[in-house]
Amino acid sequence: MRERSVAILGKGPSVKRCTKEFIDSFDTVVACGRPVFDGYEEYIGDRVHYDYSNRTSTPYTSQQRDELGIIKHIDTGSGTDIRNNFKFKDLDPSTGILAFHNFVTNPEYSSIALIGFDLLQTNKKMYYFKNEEFDPALDWLWENGTYDQDGKLTIVSGHNTERTYEYLNTMFDLHPEKKFYIISSYPFEKKKNVVVVQ
């Protein structure tokens, strides 16, 4: 069995520390929560194999799906198998964590990059793209004050930053045979199998 690699794209501002060349070095590309590609190709490239997203977000158009080369959409919303089957203490996983869990537990994948996984830190800007490029289906997050006018998260995320970090480190330790690459604004600890890309 040939070992494969996967780049998993989040939406945190640290995405802008990535390059298309880095993304293109991976066999598989996963997009989490419908990241914006138009105008950001130099950071995240222009191809996606798997679109992991909640059913409440605005879908990519058929033209966008064709241009990106999306093979499959995976719904991560409430009541789905992928969400119901995830168990780690009391963590309510984000879409990105659910995508990561699918690949870290898949023996075909020996190399995994997490890009823009900034772990939903309070009082930090949430996304690499402009406010006006934000998914209109989620305007209520601005209207109720969850995000401020600068796009910063004003509350403690339900996806729990510290518990998410604990989960990721547990997976890194449980899979010493895999190599992990991290591009994040969160201070990840370097390990023998974890490369924190600066």
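This text goes with the structure placed above it.
Residues numbered from 1 in each chain as written. Predicted model: local features only at pLDDT ≥ 70, side-chain atom pairs only at ≥ 80, totals over all residues. Heavy atoms only, no water.

Observations regarding unusual backbone geometry
For clarity, the cut-off: In DSSP terms, a helix is any run of H or I states spanning at least four residues, a strand is any run of E spanning at least two, and both are numbered starting from the N terminus. Partly exposed describes any residue whose relative accessible area lies between the buried limit of under 20% and the exposed limit of over 50%, with all areas from a 1.4 Å probe on protein chains only and scaled to the type maximum.
Phi angles above zero are rare outside glycine, and Leu119 is one such case at about 65°. With respect to the secondary-structure elements, Leu119 resides in the loop between β5 (109–115) and α6 (140–143). The buried category is assigned to Leu119, whose relative accessible area is 9%. Of note in the backbone geometry, Leu120 takes a positive phi value of approximately 50° without being a glycine.

Side note on helix α7 (residues 161–174)
Basically, it comes down to this: Under the convention used throughout, the expected extent of a helix is 1.5 Å for every residue step, that is, one less than its residue count. We call two residues contacting when some pair of their heavy atoms lies within 4.5 Å. For this analysis, a polar contact is any N or O atom pair within 3.5 Å, provided that within protein one partner can donate a hydrogen and the other can accept it, and provided that sequence-adjacent residues contribute only side-chain to side-chain pairs.
The terminal C-alpha atoms of α7 lie 20 Å apart, and with 14 residues this matches the ideal 20 Å at 1.5 Å per residue to within 8%. Within the sequence span of α7, burial applies to Thr161, Thr164, Tyr165, Tyr167, Leu168, Asn169, Met171 and Phe172. Contact partners of the buried residues in α7: α5 (95–104), β5, β6 (179–183) and β7 (194–196). Where α7 starts, the residue carrying a side-chain oxygen 3.2 Å from the main-chain nitrogen of Glu162 turns out to be Asn160.

Here's the deal with the pattern of salt bridges
Going by this rule: We define a salt bridge as a side-chain nitrogen of Lys or Arg found within 4 Å of a carboxyl oxygen belonging to Asp or Glu.
In the structure shown here, the tally under the stated rule is nine salt bridges. Two residues, Asp51 and Arg34, come together in a salt bridge whose shortest N-O distance is 3.1 Å. In this pair, Asp51 is assigned in strand β3 (residues 50–53) and Arg34 in the loop between β2 (28–32) and α2 (41–44), connecting sequence segments 17 residues apart. Take Arg34: its relative accessible area is 12%, and that puts it in the buried class. Measuring nitrogen to oxygen at the nearest pair gives 3.0 Å for the salt bridge that ties Lys191 to Asp173. In this pair, Lys191 sits in the loop between β6 and β7 while Asp173 sits in helix α7, placing the two residues 18 residues apart along the sequence. We classify Asp173 as partly exposed; its relative accessible area is 48%.

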